[in-house]
Amino acid sequence: MWQLIVQIFPYAIAYTVPLLITALGGLYSERSGVVNIGLEGLMVIGMFSGAYTISRGGLPPGSAVWVGLLAAAVAGAAFSVLHAFACVTLNANQVISGIAINMVAGAMTRFLARNLTGSGNIQIMRGIQRTNIPLLSDIPILGPLLFRQTYATTWLALGILFLSAFVLFKTRYGLRLRACGEHPHAADAAGVNIYRMRYSAVLISGALAGLGGGIFLTTVSGEFSGTAGGLGFLALAALIFGQWRPFGILGATFFFGFASTIANVSQAIPELARIPGIVLKTFPFVVTLIALVAFSRSSQAPKAAGEPYDKGKR
Amino acid sequence: MKFRSGFNRKYVLSLLAVLLGLIAGAILMSSTGHNPVEGYRYLFRGGLMNLARVGNTMAIATTLILTGLSVAFAFKTGLFNIGASGQMLMGGLAATAIGLTYSWPRPVLLTAMMLAAMLAGGLWAAIAGFLKARFNVHEVVATIMLNWIAFWTIYYVIPGYFKGPFLETESRRLPAAATLRWPWLSSQFSGSYINIGIFIALAAVIVVAFVLERTTLGYELKAVGYNRHAAEAAGIKVNARMVLSMGIAGALAGLAGGVFYAGYAATMQIGILPSQGFDGIAVALLGASSPWGVWVAGLFFGVLHTGKGFMTAMTRIPPEIADTIIATIIYFAATSVLVERYWDSIDRSLSARRERRSVSKEEGGN
């Protein structure tokens, strides 16, 4: 059993990280009062720009991956301007805009990929390499679980997690951002520029979702194929499941990552092969529905999330 | 008078969204080194140039009209059904299961299949409606989760119980008697994919229009959509109406699954979340959520989807341009607020000027 867990763990973590980063992106956006259903599409944008930069950028393989991740984040942020413009400047329906973002991203990147490479897919030759962390990987129990066969991006993601927790809850910017999502009129009266705050939050969410897509590309999928496989929606679920708190999100994404990995490897493991695949695969989604019901009474959702800000409304 | 101008405005906004979507498509085509005029000529010719293609356009539109109707119906009650894809899958599964299991006389079999599709889709969506009504769970998130549960259900149920002889990834082919293809109709359109589904879609449009405009139920559903609290105060059982509305929307999407998997196709493939469910949102938005608007919008998107293959063959423009245009149209439909606001300000300044003029006339008269 121990052996099994040690084997699964690196895969579970690899699957968790893109989810975590994307869900953190969603956290910024929703905490500022803008629902972002477009996370899936922004991930696709990240995967496309990352894959194109890495495979056609002509950079040496070692640095190409990192430039690719940077390109993914920048492209995600640039694309999310569309969502911010619709939701913040025009007070459009945030769900519809998010769906449009998803559809535009999926269709447009495949259109571009076919123009640029002749096929709808872009493969990358080399992703990020797994490494053992010296010294730490020799610690009993924790070493094999956390510090062997890790990706550098995992540590980057954890860094962003701690930074986000700090920024959102310990800085003036974070306080203002959360105020915009809870009670924008009060924040406005206190002199906060709601529009600027929401723009910045949506752009950060775009950058993080793009980076999430890039990390998914360089660690798990290895190719761009016009879809993020529902990962963006799962990130959205993790955001709710984690009740809009950074470490809650960490727990939720790890839970999803572990559950998905178990479902993926279940055929190879006799103890798990007895459980029908349908149960394992639908498990994260069913649990999310149950969690939604369980949290419905005491939901910590930002109060103004999903509502366009109207200055004249009281 | 006021009502009429509002009515016209909705359609003008839809046309404007289409126009902007087509312009965006043209920009994308020319920026990737293609000729947009040629592209659009082949795109529309590909959808309309002969009877077979018109038949295919209608066959594709059939599914889009029904999913569009599903989204539009939920919209009327203030609910957002983005789970039409999952409801299509469940409806398709129910229809396929009956079609592959029983060999009843054809009219009975087809009726049973379509009713089962509606029931399956309706129950699937009613889960989201129930969670919304009873626990206040947002229906957007609930239907997204239900989409993926349906996706994985199909992924295991089709190979497990209805596996085809050659492929693990698709169901057995439905016998000809269990599909909506009708040889007479197909031969009228030179052997295209058109099937009885288009009449089912037409009937659905008429029934939905009737229910929404002429029945107490439709009135109550719309009242809940306009103002939930006012409706509750007026004695309408809001929670029950929400579940019912979601259920009806799901039944329409389930029916879309039925006509798609037993009409356009004859097998169910696994690992695909049908994009028609999301296109349905575009159809509903473009049709301004009115049943006949949905009918027209569905046919228009049918042309784009049918024409894209022909366009790619003639001009080497990738077929994804059609999806890009549809997606852009949704974005512009969502941001039409901008136009509306501009429109309002023009309206206001015009009427202000008129008032001023009449005032100055009166003053001049004195």
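Being a predicted model, the structure only gives us computed values, none of them experimental.

Focus on the overall build of chain A
And then number 1: A count of helical and extended segments in chain A gives 13 helices and two strands.
And then number 2: Overall, the C-alpha framework of chain A stretches about 60 × 50 × 40 Å when taken along its three principal axes.
And then number 3: A total of 314 residues make up chain A; the buried ones form 55% of that total.
And then number 4: A separation of at least 24 residues holds for 77% of the contacts in chain A among residues at least 6 apart in sequence.
And then number 5: Counting only carbon and sulfur atoms, one obtains 65% of the accessible surface of chain A, whose full area is about 12,800 Å².

Some points on the overall build of chain B
And then number 1: Broken down by element type, chain B carries 15 helices and zero strands.
And then number 2: At 23 Å, chain B has a C-alpha radius of gyration in line with the 21 Å of a compact globule built from 366 residues.
And then number 3: The C-alpha extent of chain B, read off along each of the three principal axes, is 90 × 60 × 35 Å.
And then number 4: Out of the 366 residues in chain B, the part that is buried amounts to 55%.

Observations regarding the interface of chain B and chain A
The figure often quoted for interface size is the accessible area lost as the parts come together.
And then number 1: In this complex, chain B contributes 43 residues to the contact, which on the side of chain A involves 42 residues.
And then number 2: Taken together, the two surfaces of chain B and chain A that pack against each other cover about 3,700 Å², and 83% of this comes from carbon and sulfur.
And then number 3: Taken as a group, B:Met145, B:Glu320 and B:Tyr331 account for 18% of the area that chain B buries against chain A, more than any other trio of residues on that side.
And then number 4: Scanning the region where chain B abuts chain A turns up one salt bridge.
And then number 5: Residue B:Glu320 is joined to A:Arg114 by a salt bridge in which the shortest nitrogen-to-oxygen separation is 2.8 Å.
And then number 6: The tally of links from chain B across to chain A stands at three residue pairs in polar contact (both at pLDDT 80 or more).
And then number 7: Residue contributions to the side of chain B that touches chain A peak at twelve residues, all from helix H6 (residues 139-161) of chain B.
And then number 8: Taken together, the residues of the side of chain B that touches chain A sort by class into 32 nonpolar, six polar and five charged.

Brief notes about the packing of aromatic side chains
And then number 1: If you walk through the whole model with that rule in mind, you get 29 aromatic pairs over all chains.
And then number 2: Relative to B:Phe301, the ring of B:Phe300 has its centre 5.7 Å away and its plane inclined at 45°; by these criteria the two rings are tilted.
And then number 3: Here the aromatic residues A:Phe285, B:Trp148, B:Phe151, B:Trp152, B:Tyr155 and B:Tyr156 are joined through ring pairs into a cluster of three or more.
And then number 4: One cation-aromatic arrangement involves B:Arg41 over B:Tyr42; the distance from NZ or CZ to the ring centre is 5.6 Å.
And then number 5: Directly above the ring of B:Phe135 sits B:Arg134, whose terminal nitrogen or CZ lies 5.0 Å from the centroid.

Structural notes on unusual backbone geometry
And then number 1: Unlike most non-glycine residues, A:Trp244 shows phi in positive territory, near 55°.
And then number 2: Along the chain, the position of A:Trp244 falls in the loop between helix H10 (231-241) and helix H11 (246-265).
And then number 3: For A:Trp244, a relative accessible area of 7% puts it in the buried group.
And then number 4: With phi around 60°, B:Ser289 is a residue other than glycine that occupies positive phi space.
And then number 5: Examined against the element boundaries, B:Ser289 turns out to sit in the loop between helix H12 (276-286) and helix H13 (291-315).

Let's talk about the state of the cysteines
And then number 1: Summed over all chains, the structure comprises zero disulfides over all chains.
And then number 2: A:Cys87 supplies the cysteine sulfur nearest to A:Cys180, a cysteine that is in no disulfide, at a spacing of 14 Å.

Quick notes on the rules
Numbers given to residues run from 1 along each chain, matching the order in which its sequence is written. Here chains are named by letter from A upward and ligands by number from 1 upward, in the order in which they appear as written. pLDDT decides what is reported in this predicted model: residues at 70 or higher carry local features, side-chain atom pairs at 80 or more are listed and counted, and totals for whole chains, interfaces and linings draw on all residues regardless. Hydrogens and waters are ignored; side-chain quantities use all the structure's heavy atoms. Here a helix means four or more residues in a row that DSSP labels H or I, a strand means two or more in a row labelled E, and each is numbered from the N terminus. Note on exposure labels: buried denotes an accessible area under 20% of the residue type's maximum, exposed denotes more than 50%, and partly exposed covers the range between, all computed with a 1.4 Å probe on protein chains only. In what follows, a contact means two residues having at least one pair of non-hydrogen atoms within 4.5 Å. To be clear on the numbers: accessible area is Shrake-Rupley with a 1.4 Å probe, and residue cover counts the displayed protein chains and nothing else. Each radius of gyration reported is based on C-alpha atoms, and the globular scaling rule is 2.2 Å times the count of residues to the power 0.38. Note on definitions: buried area is the accessible-area loss of two parts on being combined, 1.4 Å probe, summed for both. Here, a salt bridge means any side-chain nitrogen of Lys or Arg that lies within 4 Å of a carboxyl oxygen of Asp or Glu. Pairs of N or O atoms within 3.5 Å make up the polar contacts considered here, provided that, within protein, one atom can donate a hydrogen while the other can accept it, and that residues adjacent in sequence are counted only when both atoms are side-chain atoms. Residue polarity is assigned by list, with Asp, Glu, Lys and Arg as charged and Ala, Val, Leu, Ile, Met, Phe, Trp, Tyr, Cys and Pro as nonpolar; anything else, Gly included, falls into the polar class. For Phe, Tyr and Trp, rings pair up if their centres lie within 6.5 Å, where Trp contributes its six-membered ring, and each pair is then called stacked (planes under 30 degrees apart), edge-to-face (over 60) or tilted (otherwise). Remark: a charge is flagged as sitting over a ring if the NZ atom of Lys or the CZ atom of Arg is within 6 Å of the ring centre and within 35 degrees of the ring normal. When two cysteine sulfur atoms lie within 2.5 Å, the pair is treated as a disulfide.

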